[in-house]
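As a plain string of letters, each chain reads:
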Amino acid sequence: MAEANNTTLRAAQGSGATAVSAQDAALERKMRRRGDESRFWWLVPTLYIIFLMLPIYWLVNMSFKTNQEIIGPITFFPVNPTLKNYAVIFSDPSWYSGYINSIIYVVMNMVISVAVALPAAYAFSRYRFLGDKHLFFWLLTNRMAPPAVFALPFFQLYSAFGLIDTHIAVALAHCLFNVPLAVWILEGFMSGVPKEIDETAYIDGYSFPRFFVKIFMPLIASGIGVAAFFCFMFSWVELLLARTLTTTAAKPISAIMTRTVSASGLDWGVLAAAGVLTIIPGALVIWFVRNYIAKGFALGRV
Amino acid sequence: MEKTWNNRAWFMVLPVLVLVAFSAVIPLMTVVNYSVQDTFGNNEFFWAGSEWFQEMLTSARFWEAFWRNLAFSGIILAIEIPLGIFIALNMPKSGWGVPVCLVLMALPLLIPWNVVGTIWQVFGRIDIGLLGYGLNAFGLDYNYVNDPIDAWATVVIMDVWHWTSLVVLLCYAGLVSIPDAYYQAAKIDGASRWAVFRYIQLPKMNRVLLIAVLLRFMDSFMIYTEPFVVTGGGPGNSTTFLSIDLVKMAIGQFDLGPAAAMSIIYFLIILLLSWVFYTVMTNYDAE
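Residues numbered from 1 in each chain as written. Chains lettered and ligands numbered in written order. Predicted model: local features only at pLDDT ≥ 70, side-chain atom pairs only at ≥ 80, totals over all residues. Heavy atoms only, no water.

1. Let's talk about the overall build of chain B
At step 1: Secondary structure assignment for chain B yields twelve helices and three strands.
At step 2: Along the first, second and third principal axes, the C-alpha set of chain B runs to 75 × 70 × 30 Å.
At step 3: When burial is assessed residue by residue, chain B has 55% of its 287 residues classed as buried.
At step 4: The contacts in chain B between residues at least 6 apart in sequence include a share of 65% that link residues at least 24 apart.
At step 5: Accessible surface for chain B amounts to roughly 12300 Å². Of this, 66% is attributable to carbon and sulfur atoms.
At step 6: Averaging the positions of the 13 positive and the 20 negative side-chain charges in chain B gives two centres separated by 14 Å. (Helix = DSSP H or I, 4+ residues; strand = E, 2+ residues; numbered from the N terminus. Buried < 20%, exposed > 50% of the residue type's maximum accessible area, 1.4 Å probe, protein only. Contact = heavy atoms within 4.5 Å. Areas by Shrake-Rupley, 256 points an atom, 1.4 Å probe, with all protein chains shown as cover. Lys, Arg positive; Asp, Glu negative; His and termini not counted. Charge placed at Lys NZ, Arg CZ, Asp CG, Glu CD.)

2. Description of the overall build of chain A
At step 1: When helices and strands are counted, chain A shows 15 helices and three strands.
At step 2: In chain A, which comprises 302 residues, the proportion classed as buried is 52%.
At step 3: When contacts within chain A are restricted to residue pairs at least 6 apart in sequence, those whose partners lie at least 24 apart make up 74%.
At step 4: Surface accessibility of chain A: about 13400 Å² in total, with carbon and sulfur atoms responsible for 68%.

3. Things to note about the packing of aromatic side chains
At step 1: One pass over the full model with this rule turns up 38 aromatic pairs over all chains.
At step 2: Ring geometry for tyrosine 122 of chain A against phenylalanine 208 of chain A: centres 5.4 Å apart, planes inclined by 55°, an arrangement best described as tilted. With a gap of 86 residues between them, tyrosine 122 of chain A in helix H6 (residues 93-126) and phenylalanine 208 of chain A in helix H11 (residues 208-219) connect regions that are remote in the sequence.
At step 3: Owing to a relative accessible area of 1%, tyrosine 122 of chain A belongs among the buried residues under this scheme.
At step 4: Both rings, one in tryptophan 113 of chain B and one in tryptophan 163 of chain B, keep their centres 6.3 Å apart while their planes meet at 65°; by these two values the pair is edge-to-face. (Phe/Tyr/Trp six-rings, centres within 6.5 Å; stacked < 30°, edge-to-face > 60°.)

4. Thoughts on the environment of phenylalanine 53 of chain B
Residues and elements named next belong to chain B.
At step 1: Tracing the backbone through its elements, the reader meets phenylalanine 53 in helix H2 (residues 51-58).
At step 2: Placed 41 residues apart in sequence, phenylalanine 53 and serine 94 show a C-alpha to C-alpha distance of 56 Å.
At step 3: Discounting chain neighbours no more than four positions away, the residues touching phenylalanine 53 are Ser35, Val36, Ala261, Ile264 and Ile265.

5. Remarks on the pattern of salt bridges
At step 1: Summed over all chains, the structure comprises eight salt bridges over all chains.
At step 2: With a shortest N-O distance of 3.5 Å, arginine 143 of chain A and aspartate 219 of chain B are connected by a salt bridge. Note that arginine 143 of chain A is positioned in helix H7 (residues 132-144) and aspartate 219 of chain B in helix H9 (residues 193-221), a pairing that runs across two chains.
At step 3: Between arginine 68 of chain B and glutamate 64 of chain B there is a salt bridge whose closest N-O contact spans 3.7 Å. Pair noted here: arginine 68 of chain B and glutamate 64 of chain B are both in helix H3 (residues 60-89), with a separation of four residues, about one helical turn.
At step 4: Arginine 68 of chain B sits in the buried class, given a relative accessible area of 16%.
At step 5: Overlapping salt bridges, with partners in common, bring together Glu80, Asp159 and Arg216 of chain B in one network. (Salt bridge = Lys/Arg side-chain N within 4 Å of Asp/Glu carboxyl O.)

6. Points about a nonpolar patch on the surface
All names here are of chain A.
At step 1: A surface patch of nonpolar side chains, about 670 Å² in accessible area, is lined by Phe40, Trp41, Trp42, Leu43, Leu47, Ile50 and Leu54.
At step 2: Within the element layout of this structure, leucine 43 appears in helix H3 (residues 43-63).
At step 3: Here leucine 43 falls in the partly exposed class, since its relative accessible area comes to 38%. (Patch = residues over 30% accessible without salt bridge, like charges linked within 9 Å, V, L, I, M, F, W, Y side chains within 5 Å.)

7. A word on the environment of glycine 257 of chain B
At step 1: For glycine 257 of chain B, the location among the structural elements is in helix H12 (residues 256-286).
At step 2: Note: C-alpha distance between glycine 257 of chain B and lysine 187 of chain B (70 residues apart in sequence) is 64 Å.

8. Some details on unusual backbone geometry
At step 1: Despite not being glycine, aspartate 165 of chain A shows a phi value in the positive range, around 70°.
At step 2: Looking at the element boundaries, aspartate 165 of chain A is found in the loop between helix H8 (147-160) and helix H9 (167-191).

9. What to know about the interface of chain A and chain B
At step 1: Taken together, the contacts link 113 residues of chain A with 110 residues of chain B.
At step 2: Where chain A packs against chain B, one counts one salt bridge.
At step 3: Summed over the shared surface of chain A and chain B, the result is 13 residue pairs in polar contact (both at pLDDT 80 or more).
At step 4: Here the side of chain A that touches chain B is built from residues that sort into 87 nonpolar, 15 polar and eleven charged.
At step 5: Sheet topology places strand E1 (residues 127-128) of chain A next to strand E1 (residues 4-5) of chain B; two bridges connect them, and they run parallel. In the sheet register, arginine 128 of chain A faces E1 of chain B, and the bridge partner there is tryptophan 5 of chain B. (Polar contact = N/O pair within 3.5 Å; in protein donor to acceptor, adjacent residues only side chain to side chain. Nonpolar A, V, L, I, M, F, W, Y, C, P; charged D, E, K, R; others polar. Pairing = 2+ DSSP bridges.)

10. Some remarks on the packing of H6 of chain A against helix H1 (residues 9-35) of chain B
Think of two packed helices as two axes; the pair is described by the angle between the axes and how far apart they sit.
At step 1: Across the interface, H6 of chain A lies against H1 of chain B with an axial gap of 8 Å and an inter-helix angle of 145°. Our pair here, H6 of chain A against H1 of chain B, has a crossing hand that is left-handed. Here Ile112, Val116, Ala117, Pro119, Ala120, Tyr122, Ala123 and Phe124 of chain A of H6 of chain A lie close against H1 of chain B, whose contacting residues are Ala9, Met12, Val13, Pro15, Val16 and Leu19 of chain B.
At step 2: By residue class, the composition of the contact of H6 of chain A with H1 of chain B is 14 nonpolar, no polar and no charged. (Axes fitted to C-alpha atoms, helices over the stretch in contact; angles between N-to-C directions. Left-handed = near helix turned anticlockwise from the far one by under 90°.)

11. So, the state of the cysteines
By definition, a disulfide links the sulfur atoms of two cysteine residues through a covalent bond.
At step 1: The tally for this structure, following the rule as stated, stands at zero disulfides over all chains.
At step 2: Cysteine 175 of chain A supplies the cysteine sulfur nearest to cysteine 231 of chain A, a cysteine that is in no disulfide, at a spacing of 8.2 Å.
At step 3: Here cysteine 171 of chain B is not disulfide-linked; the sulfur of cysteine 101 of chain B is the nearest cysteine sulfur, at 15 Å. (Disulfide = S-S within 2.5 Å.)

12. Observations concerning the nonpolar core
At step 1: Tyr158 and Val183 of chain A together with Met105 of chain B are the most contacted members of the largest nonpolar core, which has 194 residues in total.
At step 2: The element that contributes the greatest number of residues to this core is H9 of chain A, accounting for 16 residues.
At step 3: Beyond its immediate sequence surroundings of up to four residues, tyrosine 158 of chain A is in contact with Leu163, Ile164, Ala169, Leu172, Ala173 and Leu245 of chain A together with Phe22 of chain B. (Core = buried A, V, L, I, M, F, W, Y, C linked by side-chain atoms within 4.5 Å.)

13. Comments concerning the packing of helix H5 (residues 113-124) of chain B against helix H7 (residues 148-176) of chain B
Residue and element names in this part refer to chain B.
At step 1: One can describe the packing of H5 onto H7 by two numbers: an axis separation of 11 Å at closest approach and a directional angle of 130°. Taken together, the axes of H5 and H7 lie oblique to each other. Relative to H7, H5 is oriented so that their crossing is right-handed. Here H5 contributes Trp113, Val116, Gly117, Ile119 and Trp120 to the contact with H7, which in turn contributes Ile157, Met158, Trp161, His162 and Trp163.
At step 2: Taken together, the residues of the contact of H5 with H7 sort by class into eight nonpolar, two polar and no charged. (Parallel < 35°, antiparallel > 145°, perpendicular 65-115°, else oblique.)

14. Here we look at H9 of chain B
At step 1: In this model, H9 of chain B (29 residues) spans only 35 Å end to end at C-alpha, well below the 42 Å of a helix rising 1.5 Å per residue.
At step 2: Helix geometry: H9 of chain B is bent most strongly at asparagine 206 of chain B, by close to 55°. (Expected span 1.5 Å × (residues − 1). Bend = angle between axes of the 7 residues up to and from the residue.)

Dropping the structure here:
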């Protein structure tokens, strides 16, 4: 690869000296036809986004229909648009409390994960210590651990501590995969901060905690944002553990959705409305962090 | 960066250690405990030794789920990685299109997994779903409830829908980090589109691609919620992957011993594979 780059770069310098304008113009046209500046660049992303949006469109479409219309002939837009399905969710505490429960444990998990990951990531990025590499790999293996393996032991462990059906139980359980993730992401961002900054601060008489909070954390603020985003994401979408550890008081919305399967058959409209409402928090969060997403991924730490 | 040797750094790692020990080590020990014992209820346990492990490793059911899962991971990797690269290459580089594309493409990643399952379950239904109804209207005999091949196709397309964006975002991040000078040089060389891809873009994406493959392999190897919601592992056992089988055994049938033994074998396989990937990755970093 290095070889190829060298030749191309050398060529870049060479031809800069002996520019033949007519040839250049022809080349320019050729390239435009070929690559980045093609007029049809939007075609592929658009097709892909249509593919992504179709199932979501169908869900939204369904959520505004009455059940009679849903099971009737296919219609591409609601004939008699109704908000009844949403009204069911917003007026029934057992429905909307699901959203509150989900938000509570997701936020708790986000705070815990980032708080414990910060010092650990600092240690990994600044120091070498006994067994550091093994420890780092062991942490990562927890990100790879199948939740199915942990569902039953978690249930027994949290029962023993009397934590079943509390928000903190789900928040702690999700730490299994979110803490390693947060350490991994933060370590990447911290390694990008030169070590001289730490040393200068110590010489200036800062104590470690004061340096960490006042100087270091603002420097890696975007890293903390990215880590929090991924913690939010993976805690929000997980269901197996959240469902196993809760019965009623802390049940997440995604588990409550299965309730629509009742004796009277499926309530498709309410199911669709509940589904649409679970998409909204995610969409909001993405909108706020859209400029950081690519950056967070760029570090290759997911 | 030069790192100083300091064993007191252990104190900073301590909170993470305590937390992960609580949420990983203790539960894992419980699993190990069950895997070597037998019970007839009433909390009375008997030593069973390696009996459950032998039973698992010789059971057709385990290996069927294993190969099924491996095939699934292989198929979705073969689709998602090239597709993700292709889309990332065609993403706009600047302007209003970038945030719009990023937000819309990231959307499936933030939908709770069982809602993803629900969306596709509804979408694929032949009576009320656009996909199922549409395919049948075109004369294709599609029904994921009865036909194993249709069920597989649905689960695979659902995974492509759900996770290709992750590959796209990773590759895109790798692509925008390539300096413009590289492209200009290639332009002047008259390099073909393929040559630009092969010698400039692909090498620059190497690292993120490795991460994409690693993540997609691991996550698809422990997939549970989405296929469970759509097909429930059926028709028959045709979409019963390892995690679905495990949960069925542990919570459905409450066969603690075999389920625990299976958990450990399952976890060891994943551990081995992640070790291989991790070594490859860190070696690549070191170069």
